[in-house]
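Tertiary structure, described
Listed below, chain by chain, are the residues.
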Amino acid sequence: MLKEWPLVAFTVAGQTALGLFLVAGLPLFFSRGGAADAPARGSRLAVLLAALGLMAAASFVSFFHLHHPFRAVRVLANVRTSWLSREVLFELGFMALLAVLAFLLWTGTGGEGLHRGLFAAAGASGVLFVWSMSKLYMLKAVPAWDHAYTPVSFFLTAVLLGALTAAAFSGAFRPGGSSALKPLLAACLVLVAAAFLWALLTAPVHGIFGARPPASLTPPGGASSALYAARLIVLVLGSLALAAAIWRESSAPALGAKAGLAAPVGLAWVLVLIGEVLGRFHFYGQVGRP
Amino acid sequence: MVTQYAFFFDAAACSGCKACQVACKDRNDLGPGTLWRRVYEVTGGGWEKKGQVWVPSVIAYNVSMACNHCENPVCGAACPVKAIWKREDGIVFVDTDLCIGCRYCEWACPYTALRFHAATNTVSKCDFCYDAVDAGKPPACVAACPRRALDFGDLADLRKKYGDLRHIHPLPDPEQTGPALVLRPHRDAARAAERGAEVANWEEV
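Residues numbered from 1 in each chain as written. Chains lettered and ligands numbered in written order. Predicted model: local features only at pLDDT ≥ 70, side-chain atom pairs only at ≥ 80, totals over all residues. Heavy atoms only, no water.

Some points on the pattern of salt bridges
Residue and element names in this part refer to chain A. Put simply, the rule reads: The rule for a salt bridge is simple: a side-chain nitrogen of Lys or Arg has to be within 4 Å of a carboxyl oxygen of Asp or Glu. Secondary structure elements are taken from DSSP: a helix is a run of H or I of four residues or more, a strand is a run of E of two residues or more, and numbering for both begins at the N terminus. Burial classes follow relative accessibility: with a 1.4 Å probe on protein chains only, a residue under 20% of its type's maximum area counts as buried, one over 50% as exposed, and anything between as partly exposed.
What the rule picks out here adds up to 16 salt bridges over all chains. In this structure, Glu112 and Arg44 form a salt bridge, with 2.7 Å as the shortest nitrogen-oxygen distance. Of this pair, Glu112 sits in helix 4 (residues 112–137) while Arg44 sits in helix 2 (residues 38–62); the two residues are 68 residues apart in sequence, bridging distant segments of the chain. Overall, Glu112 belongs to the partly exposed group, its relative accessible area being 26%. Relative accessible area serves as the criterion here: at 0%, Arg44 is assigned to the buried category. Here Glu112 makes a salt bridge to Arg116, at a shortest N to O gap of 3.2 Å. Linking Glu112 with Arg116, this pair stays in helix 4, spanning 4 residues, or about one helical turn. Taking the relative accessible area as the measure of exposure, Arg116 reaches 27% and is therefore partly exposed.

Focus on a nonpolar patch on the surface
The test is simple: Each patch is assembled from residues with relative accessible area greater than 30% and no salt bridge, linking like charges that lie within 9 Å and nonpolar side chains (Val, Leu, Ile, Met, Phe, Trp, Tyr) that lie within 5 Å. The protein chains shown are the only cover counted for residues, whose accessible areas, like all others here, come from Shrake-Rupley with a 1.4 Å probe.
Among the surface-exposed residues, Ile233, Val236, Leu237 and Leu240 of chain A lie close enough to one another that they form a single nonpolar patch of about 360 Å² accessible area. With respect to the helices and strands, Ile233 of chain A occurs in helix 7 (residues 225–251).

Brief notes about the interface of chain A and chain B
The parts lose accessible area when they come together, and the size of an interface is often stated as this lost area. The line we're drawing: Any pair of residues with heavy atoms lying within 4.5 Å of one another is described as a contacting pair. The term buried area refers to how much accessible surface (probe radius 1.4 Å) is lost by two components on association, counted for both of them together. Side-chain atoms alone can form a polar contact between residues adjacent in sequence; in general such a contact is a pair of N or O atoms within 3.5 Å, and within protein one must be able to donate a hydrogen while the other accepts it.
Contact residues are listed per partner, giving 36 residues for chain A and 40 residues for chain B. Summing the contributions of chain A and of chain B, the shared interface buries around 3100 Å²; its carbon and sulfur component is 61%. The interface formed by chain A and chain B contains 1 salt bridge. Ionic pairing is found between Arg289 of chain A and Glu106 of chain B, a salt bridge with its closest N-O pair at 3.3 Å. Counting the contacts that link chain A with chain B gives 20 residue pairs in polar contact (both at pLDDT 80 or more). Where the side of chain A that touches chain B is concerned, the elements lending two or more residues are helix 3 (83–107) and helix 4 of chain A.

A few points about the side chain of Ser82 of chain A
Within the element layout of this structure, Ser82 of chain A appears in the loop between helix 2 and helix 3. A relative accessible area of 0% places Ser82 of chain A in the buried class. Look past the residues within four positions of Ser82 of chain A in its chain and what remains in contact with it is Ala77, Ala78, Cys79 and Pro80 of chain B.

Observations concerning the packing of helix 1 (residues 5–30) of chain A against helix 4 of chain A
All names here are of chain A. The line we're drawing: For helices, the fitted line uses only the C-alpha atoms of the stretch in contact; every axis is such a line through C-alpha atoms, and the angle between N-to-C directions lies from 0 to 180 degrees. Roughly parallel covers angles under 35 degrees, roughly antiparallel covers those over 145, roughly perpendicular covers 65 to 115, and oblique covers all other angles. Should the near helix be turned anticlockwise from the far one by less than a right angle, the crossing is termed left-handed; should it be turned clockwise, right-handed. Residues are grouped as follows: Ala, Val, Leu, Ile, Met, Phe, Trp, Tyr, Cys and Pro are nonpolar; Asp, Glu, Lys and Arg are charged; all remaining types, including Gly, are polar.
Packing of helix 1 against helix 4 leaves a shortest axis separation of 10 Å and a crossing angle of 150°. By the angle class used here, helix 1 and helix 4 are roughly antiparallel. Of the two elements, helix 1 crosses helix 4, and the hand of that crossing is left-handed. For the pair formed by helix 1 and helix 4, the contact residues are Leu7, Phe10, Thr11, Gly14, Gln15, Leu18, Phe21, Leu22, Gly25, Leu26, Phe29 and Phe30 on the first element and Glu112, His115, Arg116, Phe119, Ala122, Gly123, Gly126, Val127, Phe129, Val130, Met133 and Tyr137 on the second. Looking at the contact of helix 1 with helix 4 residue by residue, the classes come out as 15 nonpolar, 7 polar and 2 charged.

A short note on the confidence of the model for chain A
Under the convention used in this document: Residue-level confidence of the predictor, termed pLDDT, takes values from 0 up to 100.
For chain A, the mean per-residue pLDDT works out to 88, and 88% of the residues sit at or above 70. When mean pLDDT is compared element by element in chain A, helix 3 of chain A scores highest at 97, while helix 8 (residues 253–260) of chain A scores lowest at 54.

Structural notes on the packing of aromatic side chains
Formally: Ring geometry is summarised as follows: Phe, Tyr and Trp rings, the Trp one being its six-membered ring, pair when their centres sit within 6.5 Å, and such pairs are stacked at plane angles under 30 degrees, edge-to-face over 60 and tilted between the two. Cation placement over rings: the criterion is NZ of Lys or CZ of Arg within 6 Å of the ring centroid and within 35° of the ring normal.
One pass over the structure, following the stated rule, counts 27 aromatic pairs over all chains. Ring plane angle 80° and centroid distance 5.6 Å describe the contact between Phe21 of chain A and Phe94 of chain A, whose orientation is recorded as edge-to-face. Remark: Phe94 of chain A occurs in helix 3 and Phe21 of chain A occurs in helix 1; sequence separation between them is 73 residues. Geometrically, the ring pair formed by Tyr137 of chain A and Phe154 of chain A is edge-to-face, given 6.0 Å between the ring centres and 85° between the ring planes. Remark: Phe154 of chain A occurs in helix 5 (residues 149–173) and Tyr137 of chain A occurs in helix 4; sequence separation between them is 17 residues. Taken individually, Tyr137 of chain A and Phe154 of chain A each receive the classification buried, so the pair is uniform in this respect. Members of the aromatic cluster, each reached through a chain of ring pairs, are Tyr137, Trp145, Tyr149, Phe154, Phe283 and Tyr284 of chain A together with Trp107 of chain B. Above the plane of the ring of Trp107 of chain B lies Arg289 of chain A, whose end atom (NZ or CZ) is 4.0 Å from the centre. A cation sits over an aromatic face here: Arg37 of chain B above Phe7 of chain B, 4.6 Å from the ring centre.

Topic: the sheet that holds strand 12 (residues 198–199) of chain B
All names here are of chain B. Rules: Criterion used throughout: strands pair if DSSP finds at least two bridges between them.
Spatially, 5-2-12 is the arrangement adopted by the 3 strands of the open sheet, whose pairing is antiparallel. At either end of the open sheet lies a strand with only one pairing partner, and these are strand 5 (59–65) and strand 12. Sheet topology note: the strand 2 (residues 38–44)/strand 12 ladder contains 2 bridges and is antiparallel. When the bridges of strand 12 are listed, Val42 appears paired with Val199.

Looking at the sheet that holds strand 10 (residues 150–154) of chain B
Residues and elements named next belong to chain B. The sheet built from 3 strands is open, its strands ordered 10-1-11 with mixed pairing. Each edge of the open sheet carries a strand with a single partner, namely strand 10 and strand 11 (181–184). The average undirected angle you get between the axes of adjacent strands in this sheet is 20°. The pairing of strand 1 (residues 5–10) with strand 11 spans 4 bridges and is classified as parallel. By the bridge assignment for strand 11, Asp10 is matched with Arg184. Sitting on the sheet, helix 6 (residues 155–162) is in contact with strand 1, strand 10 and strand 11, with an inclination near 130° to strand 10.

This is the structure we're talking about:
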């Protein structure tokens, strides 16, 4: 299970990149006012570069799970039937569109229509990237992965970590605060609750609460109930940190954004990230390798 | 002309001696931990109350399994670099010069036929001893079985000879991949699922 760390890092970072791009980028690109002013363009650029950086890191670390990484140039050879090829195709498309959009914003070229069109295309490519990532694990040979648990968990991780990363950036780097921060924090809290409930709902499929997977020739994985429980505990702690941030923001808005929010939001981000990483290790631990 | 090579396995005859497993390792020079053919020990049951009497309901039989050179090999469909391909006579091969070692096919195959091979840093699997078969000889596992529990040949011929059973517990649903496999069941196999029988020798296979 621990040997799958490159896949854990790749999937969590890639999903966070998509979530950050959508949650932070949508209001910036499609709200009224456009990109006429320099601060808005700077914010757009920051979101794009952060998402691109995360995708680049995810792509780099994914090579560590290959035993012949230099042969990976052929990885698009089987787009017709392989979800792994499709995942890489949409991953490259997402990254390329992010890079083109960032370049246009950096150089100040292209109109608002083009920027929005590229944003929509990048978003579609990113969603297809995470969808392909989900489908490649939905194998008939692996009943623990072959149901809604996989795509729902992956997209939940994307939106949750994307929103929290956006909130953490907002809390840490905007001394004046952001009017959107409170609803964003509230949304994060709801998403953490959703992740918690989803883990509870799907527990029986994954051998928790005494349930056993059907007999097969696939060896059992090394996922432990302790890992599952640790994830739930960390998510609860993360939601408490989020609640503290919302309370601070509500009770002292003037002071909140300056110094009071960075710590609880940052702590929530770290805790939820740890929770999602533990959850992903548990995911890969469902299935053993022969 | 053979259109689809296949294995026959007689679970009723298999004693679990693992001569097939060892013959395969020997012929293909497979190191420790790499098995192209495995013998799964399936066990379950215990005691069952019938009226006022407790009677044993033990399940115990063996399943010798290699690559089934499926009619629809999901390993090949999953492989991103097309390193897994099927010959005209149905034998499925791994091209170790193309394989990137992502090991995705290991998860995709419900028979766990694909095995990581440390010597080449790629996946590997049963190649049906194609050079022996091409020379008119049997695969090593078939030749080694002292109880004639294994046989090979064209799938259509094997079906004529032995029937068309392709599934016993705990093998996967054959509709997933269309395995080129014909089975004769052990008498315990019919009740194995209801009695919770499972593979007992995971450390070995």
